[in-house]
Amino acid sequence: LLIAVAGIYASYLYYGALQEDVFNYTYPGTGGAKEEPGGEDGIRFKQVWFLQAVEAMTCVCVGFLGSRAAMSSAGSLGSP
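Residues numbered from 1 in each chain as written. Predicted model: local features only at pLDDT ≥ 70, side-chain atom pairs only at ≥ 80, totals over all residues. Heavy atoms only, no water.

> Before we go on, may I ask you to explain the overall build of the protein chain in this structure?
Counting its regular elements, the protein chain contains two helices and two strands. Start at the N end of the protein chain and walk to the C end: the helices and strands fall as α-β-β-α. Across the 80 residues in the protein chain, those meeting the buried criterion constitute 4%. By sequence separation, contacts in the protein chain at least 24 residues apart represent 20% of the contacts at least 6 residues apart. (Helix = DSSP H or I, 4+ residues; strand = E, 2+ residues; numbered from the N terminus. Buried < 20%, exposed > 50% of the residue type's maximum accessible area, 1.4 Å probe, protein only. Contact = heavy atoms within 4.5 Å.)

> Got a minute to help me understand the confidence of the model for the protein chain in this structure?
Of all residues in the protein chain, 75% have pLDDT values of 70 or greater, and the mean over the chain is 80. Predicted confidence in the protein chain is weakest over strand 1 (residues 26-27), with a mean pLDDT of 77, and strongest over helix 1 (residues 2-24), with 90. (pLDDT = per-residue confidence, 0-100.)

> Looking at this model, I keep getting lost on the packing of aromatic side chains. Mind explaining?
Centre distance and the angle of the planes are the two values used to describe a pair of aromatic rings. Per the counting criterion, the structure on display carries one aromatic pair. Each ring, one from Trp49 and one from Phe50, has its centre 5.8 Å from the other, and the planes form 75 degrees; the classification is edge-to-face. (Phe/Tyr/Trp six-rings, centres within 6.5 Å; stacked < 30°, edge-to-face > 60°.)

Below, the structure written as structure tokens:
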């Protein structure tokens with residue numbers, strides 16, 4: 001059980017690190033005006049809310065399909 005818990009926590013930490021890289025990535029500049037107050041040329045990913053909404057809806061759909069599959073397989077294992 002402790003190995004499973006450690007694996008879940010490690011997965012969440014790794015996912016968070018990857019997500020932070022996506023949200024903080026600055027795409028190469030287009031040669032125009034400076035986009036960021038920090039003085040970096042380039043474009044930053046600004047639709048974080050949209051990406052998280054799509055991810056949440058994907059999780060809801062996968063969970064729904066998984067629960068339907070589990071219910072149908074449990075029904076087939078029931079009384080003859």
